[in-house]
Amino acid sequence: MSNGNGIAIDVKGLTKSFGGREVVHDLSMQVKRGSIYGFLGPNGSGKTTTIRIICGLLTPDSGEGTCLGYDIRRDAEKIKRQVGYMTQRFSLYQDLSVRENLEFVARLYGLADARGAARDMITRLGLSGREEQLAGELSGGWKQRLALGACTLPNPQLLLLDEPTAGVDPKARRDFWNEIHALAADGLTVLVSTHYMDEAERCHEIAYIAYGHLLTHGTVEEVIAKSALTTYTVTGEDLNGLGAALTGKPGVDMVAPFGTSLHVSGRDVAALEDSIAPWRKKGGLHWQKSQPSLEDVFIELMGRSKDNFQ
Amino acid sequence: MSVVDLPAPAREIRERFGFLRRSYAMLIKEFIQLRRDRVSFAMIVMLPVMQLMLFGYAINTTPHHLPSAVLLQEDSDLTRSILKALENTAYFRFLYEVHDVDDFDNLLKSGKVLFGVEIPRGFERAVRRGDRPALLVAADATDPVAASAALGSLGMVVQTALKHDLFIGDPPEMPFEIRAHARYNPAAASSLNIVPGLVGTILTMTMLIFTALSVTREVERGTMESLLSMPIKPVEVMFGKIVPYVLVGFVQAFLIIGIGVGLFGVPVLGNLVLLALLSTLFITTNLSIGYTISTVVQNQLQAMQMSMMFFLPSILLSGFMFPFAGMPTWAQYVGECLPLTHYLRIVRAIMLKGATMQNLRFDTLALTALMLLAMTIAVTRFRRTLD
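Predicted, not measured: the structure shown is a model, and the values here were computed from it.

## Brief notes about the overall build of chain B
Then comes step 1: Per the secondary structure count, chain B includes 15 helices and 5 strands.
Then comes step 2: When burial is assessed residue by residue, chain B has 44% of its 387 residues classed as buried.
Then comes step 3: Looking at chain B alone, contacts between residues at least 24 apart form 82% of all its contacts between residues at least 6 apart.

## Remarks on the overall build of chain A
Then comes step 1: In terms of regular secondary structure, chain A is built from 11 helices and 14 strands.
Then comes step 2: Its C-alpha atoms put chain A at 75 × 45 × 35 Å along the principal axes.
Then comes step 3: Out of the 310 residues in chain A, the part that is buried amounts to 47%.
Then comes step 4: Counted over contacts in chain A with a minimum sequence separation of 6, partners at least 24 positions apart contribute 69%.

## What about the sheet that holds strand β3 (residues 115-119) of chain B?
Residues and elements named next belong to chain B.
Then comes step 1: Overall, mixed pairing links the 5 strands, which are arranged β2-β1-β3-β4-β5 in an open sheet. At either end of the open sheet lies a strand with only one pairing partner, and these are β2 (92-98) and β5 (177-183). Shown here is a sheet whose adjacent strand axes are inclined to one another by a mean of 25°, direction ignored.
Then comes step 2: Contacts from helix α3 (residues 77-88) reach β1 (66-72), β2 and β3 within the one sheet, and its direction differs from that of β2 by about 145°.

## Structural notes on helix α15 (residues 361-381) of chain B
All names here are of chain B.
Then comes step 1: If you check α15, its first and last C-alpha atoms are 30 Å apart, about what 21 residues at 1.5 Å a residue would give, namely 30 Å.
Then comes step 2: For α15, the complete set of buried residues consists of D363, A366, L367, L370, M371, A374, M375 and A378. Angularly, the buried residues of α15 cover 165° about the axis, an arc narrow enough to put them on a single face. The exposed set on the far side of α15, more than 90 degrees from its buried face, consists of R361, L365, L372, T376 and T380.
Then comes step 3: Check the buried side of α15 and you find it contacts α10 (234-263), α11 (272-296) and α14 (339-353).

## Quick notes on the domain arrangement of chain A
In many reports, interface size means the accessible area that the parts give up when they come together.
Then comes step 1: Assigned domains of chain A: these are domain 1 (7-95 + 134-223) and domain 2 (230-291).
Then comes step 2: Spacing between the C-alpha centres of domain 1 of chain A and domain 2 of chain A amounts to 37 Å.

## Quick word on the UniProt feature "transmembrane region" (unreviewed entry) in chain B
Residues and elements named next belong to chain B.
Then comes step 1: Residues annotated in UniProt with the feature "transmembrane region" (unreviewed entry) correspond here to residues 39-59, 194-215, 242-266, 272-297, 309-331 and 364-382.
Then comes step 2: Between the end C-alpha atoms of residues 242-266 the distance is 30 Å, and the span holds 88% helix and 0% strand.
Then comes step 3: Taken as a whole, residues 272-297 contains 96% helix and 0% strand, while its terminal C-alpha atoms sit 37 Å from one another.

## Brief notes about the nonpolar core
Then comes step 1: Among the nonpolar cores identified, the biggest contains 180 residues, and A:L160, A:V190 and B:F115 are the most heavily contacted of them.
Then comes step 2: With 13 residues, the top contributor of residues to this core is helix α7 (residues 190-212) of chain B.
Then comes step 3: Grouped together as the second largest cluster of nonpolar side chains are 10 residues, A:Y232, A:V234, A:L242 and A:L262 included.

## Considering the sheet that holds strand β9 (residues 205-210) of chain A
In a beta sheet, neighbouring strands are held together by backbone hydrogen bonds and run either parallel or antiparallel to one another.
Residue and element names in this part refer to chain A.
Then comes step 1: If you walk across this open sheet you meet the 6 strands as β6-β7-β8-β3-β9-β10, and the pairing is mixed. The open sheet is flanked by β6 (83-86) and β10 (213-218), the only strands paired with a single partner. Looking at each pair of strands side by side, their axes are set apart by 15° on average, direction ignored.
Then comes step 2: By the bridge criterion, 5 bridges tie strand β7 (residues 158-162) to strand β8 (residues 189-194) in an arrangement that is parallel. Bridged to L160 within β8 is L191.

## Focus: the interface of chain B and chain A
Then comes step 1: Between chain B and chain A, the contact holds 33 residues from the first and 35 residues from the second.
Then comes step 2: Mapped onto the side of chain B that touches chain A, the elements with two or more residues apiece are α1 (18-36) and α9 (223-228) of chain B.
Then comes step 3: Here the element with the most residues in the side of chain B that touches chain A is α1(B); it accounts for 9 residues.
Then comes step 4: Here the side of chain B that touches chain A is built from residues that sort into 15 nonpolar, 8 polar and 10 charged.

## Thoughts on the packing of α10(B) against α15(B)
All names here are of chain B.
Then comes step 1: Following both chains from N to C, one finds α10 and α15 inclined at 125°, their axes separated by 9 Å at the closest point. The pairing of α10 with α15 is recorded here as oblique in orientation. Note that α10 runs across α15; the crossing there is right-handed. In this structure, α10 uses P234, V235 and M238 to contact α15, whose residues at the interface are M375, A378 and V379.
Then comes step 2: Looking at the contact of α10 with α15 residue by residue, the classes come out as 6 nonpolar, no polar and no charged.

## Here we look at the domain arrangement of chain B
All names here are of chain B.
Then comes step 1: Here the domain parsing of chain B yields domain 1 (20-54 + 190-381) and domain 2 (66-183).
Then comes step 2: Here the C-alpha centroids of domain 1 and domain 2 sit 39 Å apart.
Then comes step 3: Facing the 14 residues of domain 1 at the interface are 12 residues of domain 2.
Then comes step 4: Residue assignment for the side of domain 1 that touches domain 2 shows that the elements contributing at least two residues are α7 and α14.
Then comes step 5: By residue class, the composition of the side of domain 1 that touches domain 2 is 7 nonpolar, 4 polar and 3 charged.

## Side note on the packing of helix α2 (residues 38-54) of chain B against α10(B)
A pair of packed helices is characterised by two quantities: the angle between their axes and the separation of those axes.
Residues and elements named next belong to chain B.
Then comes step 1: Here α2 crosses α10 at 30°, and the two axes come no closer than 10 Å. The angle between the axes of α2 and α10 places the two elements in the roughly parallel class. In the packing of α2 onto α10, the handedness of the crossing is right-handed. Facing α2, whose interface residues are I44, V45, P48, V49 and L52, α10 presents V248, V251, Q252, L255, I256 and I259.
Then comes step 2: Within the contact of α2 with α10, the residues separate by chemical class into 10 nonpolar, 1 polar and no charged.

Calculation notes
Residues numbered from 1 in each chain as written. Chains lettered and ligands numbered in written order. Predicted model: local features only at pLDDT ≥ 70, side-chain atom pairs only at ≥ 80, totals over all residues. Helix = DSSP H or I, 4+ residues; strand = E, 2+ residues; numbered from the N terminus. Buried ≥ 20, exposed ≤ 12 C-beta atoms within 10 Å, placed from the backbone. Contact = placed C-beta atoms within 7 Å. Pairing = 2+ DSSP bridges. Axes fitted to C-alpha atoms, helices over the stretch in contact; angles between N-to-C directions. Expected span 1.5 Å × (residues − 1). Arc of directions from axis to C-beta. Domains from an automatic or database assignment. UniProt positions renumbered as here; feature names shortened; annotations may be inferred. Core = buried A, V, L, I, M, F, W, Y, C linked by C-beta atoms within 7 Å. Nonpolar A, V, L, I, M, F, W, Y, C, P; charged D, E, K, R; others polar. Parallel < 35°, antiparallel > 145°, perpendicular 65-115°, else oblique. Left-handed = near helix turned anticlockwise from the far one by under 90°.

Structure below.
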């Protein structure tokens, strides 16, 4: 392999605009080989665009980088041979059967025994007995499984998964993530975009992107630590009233209800403690200083980036 | 059940014959999709049958300035006057003057001229002697309307014209005899002209629409994103999408010619292999043009509109609807750019005149050029990215 330094994706300063609107702004990221890299961010934040730039489906307006050691601008054809890309929308042929779809992919990549490879994959995916079913007639979970099978069929080195679990039930989601971990254990690099916090916590590393800007990245612990957020978890009576009263007070950056508790967070500890002091003395409320959750961090980041970039 | 349970088998990847392999992958996929699309499948059979029944009778107009040749075996004042008189009718325009019977026949066979006038040796002397020599007028009657109007005018026109030249007063009868040969279609049956024309028209329509939708359909169904992320080249996509329909076109051509021969009694005088070969060329040309359309347009509606924009001139200016020779010059130039024009000449010449490759070189070259042009545009226009 031309890239010996253990980095699968290395891009710098990627920028892409559509019709005058900047969708990706000066984005730089590195993904280690064999790792699962989570790509998080709200809808329309530029996740899909970034993934498409990495696999050569879009040309960046500016910026450069390598994918598996190949230049993303010049070597798109070589990258395509080594990368499996699972699109957000199901993009296999709905009017082809499971077997025909897999055979098509196998033939395109030049697998020596296309029929055999498709048959093996059907067994691996647990789709035996459904091989003659049209892909368009499969349920959401099975479609997603088939799509993953199709993009792993040619033994890629890198998988790019664009919101692979959107609209899939929890059991299928868990199976899916087990598979991704198994693939990564075999040395495959996986870049996966998602909305789900529990999925983010299953990644080795994560990056958070909003309005085209990469806001933070690192392991889950690093991202939480970097946020420098102080969070209090409050339980007790009339949390709705408390939430309304605290919102907008100095030092209170975020108030979010979590089931029977309320998370109150801020970056300026002193100001936060001043603001909540009157309520801490009141009875009926239990205040607990706690570690902010990933969701706290992201919601706070999103709120902040909205002010900055929109 | 899942990937965890089974180790991934190492798979051998072949690097050789990548082009053929990937085109083949695409081709198989297109075949399966076509087979599943019942409506399209029905169209392949229904369309030619319906059209053939509907276009049973043609619309025709009176043509002018029909390209003609003269086989001159005698050059005299009288023969010049006759030719001038023929030209003055506005039916004929003499493009070639030949002195050899084979040249004369070839001009007719290749479709370069629709009429040939043969003036035999010693014609003037025979007229003056009152021998009533024969003036042979050979007409390419594969297009019976174009031929018959012109043929009908011959006698009167020539007689009137010659009065000034030769004779004082009205002769009691024609000083010579006009022998008109309606070649290739002696009964002037219009189905003989229409059926071969329909082969071309129907093929243009179906082939164009099949491929015009092919790329836009992938874009609209979202499958293009997947396809582009795989290592396939634009040329391979194109071949994969064109080849299955060559077979479809072949079936259609067979169907139309079969009905034409069986039901309308159209002969096939020429070589069937040549007809099949040149039909395949024509089918491929149309598929390439359709494919080019689909790489240019944004959605399926635009693809349909653009196909119609190409199809209408093809019908009107190719010589299918109206005799080609009767059209104004600019329209003839447009017509020369349409594959149907050339194919109509080819298919009529082979079926009705028994023409050989020798006679059809120009039209074959024109079709090939149009096909290569369309393919080049398609491959360069095909977008490898989603930009």
